[in-house]
Amino acid sequence: MKDRLEHLVNRYNNKFVSHWLILAMDTVIVVFSFFSATYIRFNFDLKYLDPRLFKYHLALVTGVNLLFFLYWRTHRGIIRHSNLEESKNVLYSCFSAFLVLFIAGYSRHTAWGAYLYVPTSILVIDFFISVFALLGVRILIKHLYRKLVSVYKNEQKVIIYG
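A brief structural summary. (Residues numbered from 1 in each chain as written. Predicted model: local features only at pLDDT ≥ 70, side-chain atom pairs only at ≥ 80, totals over all residues. Heavy atoms only, no water.)

### What to know about the overall build of the protein
Part 1 of the argument: Within the protein, the secondary structure is distributed over six helices and zero strands.
Part 2 of the argument: Ordered by position from the N terminus, the helices and strands of the protein form the series α-α-α-α-α-α.
Part 3 of the argument: Split into buried and exposed, the 162 residues of the protein put 33% on the buried side.
Part 4 of the argument: Restricting the contact set of the protein to residue pairs at least 6 apart, pairs at least 24 apart contribute 80%.
Part 5 of the argument: Total accessible area on the protein is roughly 11300 Å²; 66% of this is exposed by carbon and sulfur atoms. (Helix = DSSP H or I, 4+ residues; strand = E, 2+ residues; numbered from the N terminus. Buried < 20%, exposed > 50% of the residue type's maximum accessible area, 1.4 Å probe, protein only. Contact = heavy atoms within 4.5 Å. Areas by Shrake-Rupley, 256 points an atom, 1.4 Å probe, with all protein chains shown as cover.)

### Quick look at the packing of helix H4 (residues 84-104) against helix H6 (residues 120-151)
Part 1 of the argument: Packing of H4 against H6 brings their axes to within 10 Å, and their N-to-C directions diverge by 165 degrees. In terms of orientation, H4 and H6 fall into the roughly antiparallel class. Handedness of the H4/H6 crossing: right-handed. Listed contacts from H6 to Glu-86, Ser-87, Val-90, Leu-91, Cys-94, Phe-95, Phe-98, Leu-101 and Phe-102 of H4 are Thr-120, Leu-123, Val-124, Phe-127, Ser-130, Val-131, Leu-134, Leu-135 and Arg-138.
Part 2 of the argument: Grouping the constituent residues of the contact of H4 with H6 by class yields 13 nonpolar, three polar and two charged. (Axes fitted to C-alpha atoms, helices over the stretch in contact; angles between N-to-C directions. Parallel < 35°, antiparallel > 145°, perpendicular 65-115°, else oblique. Left-handed = near helix turned anticlockwise from the far one by under 90°. Nonpolar A, V, L, I, M, F, W, Y, C, P; charged D, E, K, R; others polar.)

### Looking at the side chain of Thr-27
Part 1 of the argument: Within the element layout of this structure, Thr-27 appears in helix H2 (residues 19-41).
Part 2 of the argument: A polar side-chain atom of Thr-27 sits 2.8 Å from the main-chain carbonyl oxygen of Leu-23.
Part 3 of the argument: Residues contacting Thr-27, with those up to four places away along its chain left out, are Thr-62, Leu-66 and Phe-69. (Polar contact = N/O pair within 3.5 Å; in protein donor to acceptor, adjacent residues only side chain to side chain.)

### Looking at the pattern of salt bridges
Part 1 of the argument: If you walk through the whole model with that rule in mind, you get five salt bridges.
Part 2 of the argument: With a closest N to O distance of 2.9 Å, Arg-138 and Asp-26 form a salt bridge. With Arg-138 in helix H6 and Asp-26 in helix H2, the pair connects residues that are 112 residues apart, well separated along the chain. Pair check on accessibility: Arg-138 and Asp-26 agree, each one buried.
Part 3 of the argument: Residue Lys-88 is joined to Glu-85 by a salt bridge in which the shortest nitrogen-to-oxygen separation is 3.6 Å. In this pair, Lys-88 and Glu-85 both sit in helix H4, three residues apart, roughly one turn of the helix.
Part 4 of the argument: Residue class for Lys-88 comes out partly exposed when judged on its relative accessible area of 36%.
Part 5 of the argument: Linked by salt bridges that have partners in common, Asp-26, Glu-86 and Arg-138 make up one network. (Salt bridge = Lys/Arg side-chain N within 4 Å of Asp/Glu carboxyl O.)

### Some thoughts on the packing of aromatic side chains
Part 1 of the argument: Per the counting criterion, the structure on display carries 12 aromatic pairs.
Part 2 of the argument: Their ring planes at 75 degrees and their centres at 4.7 Å tell us that Tyr-56 and Tyr-115 sit as a pair that is edge-to-face. Separated by 59 residues along the polypeptide, Tyr-56 in helix H3 (residues 51-72) and Tyr-115 in helix H5 (residues 113-116) bring together distant segments of the chain.
Part 3 of the argument: With centroids separated by 6.2 Å and ring planes inclined at 75 degrees, the aromatic side chains of Phe-95 and Phe-127 adopt a geometry described as edge-to-face. On the criterion of sequence distance, the pair formed by Phe-95 in helix H4 and Phe-127 in helix H6 is long-range, its members being 32 residues apart.
Part 4 of the argument: Residue classification places Phe-95 among the partly exposed positions, given a relative accessible area of 43%.
Part 5 of the argument: By way of ring pairs, the aromatic residues Phe-95, Phe-98, Phe-102, Tyr-106, Phe-127 and Phe-128 are connected into one cluster.
Part 6 of the argument: Seen from the ring of Phe-42, Arg-41 lies directly overhead, with NZ or CZ sitting 5.0 Å from the centre. (Phe/Tyr/Trp six-rings, centres within 6.5 Å; stacked < 30°, edge-to-face > 60°. Lys NZ or Arg CZ within 6 Å of the ring centre and 35° of its normal.)

### Let's talk about the nonpolar core
Part 1 of the argument: By size, the foremost hydrophobic cluster in this structure holds 25 residues, and its most contacted members are Phe-34 and Val-118.
Part 2 of the argument: Contributions of two or more residues to this core are made by H2, H3, H4 and H6.
Part 3 of the argument: No other element matches the seven residues that H3 contributes to this core.
Part 4 of the argument: Setting aside its immediate chain neighbours within four residues, Val-118 contacts Phe-34, His-57, Leu-60, Val-61 and Leu-123. (Core = buried A, V, L, I, M, F, W, Y, C linked by side-chain atoms within 4.5 Å.)

Structure follows, in structure tokens:
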């Protein structure tokens, strides 16, 4: 088992994760974040939630976040080599989505405004959960990758002379 794992690590050591896989992972995290924010906002009691309206809110939040992930190119980084620049792009993307959704909420006085109005409390909770989850997953993957590679890394002893 150990030899097989070592072979896989050495074989795929220089391969990159697909950009679309990272984008899909980020989208799943945003969906989970929105569910969590809604659940927290309603004090873990969803009887006050309108399911017909919730599905539109979920689609709106997911779509806006997806657009800003594409705009800020958060999926373009090599996730196992995450750095401060990639973290900054994730933060910009989440804040931009929050701002657009917050501003869209002010159009609730129009005929389709109820579908655009996501409560501000849910948006704020969603923003924090999204940022911490997106950055946390990137840091976790980076840490696991370094741990896995360091276990199977061939080390050579050298002498520096001079």
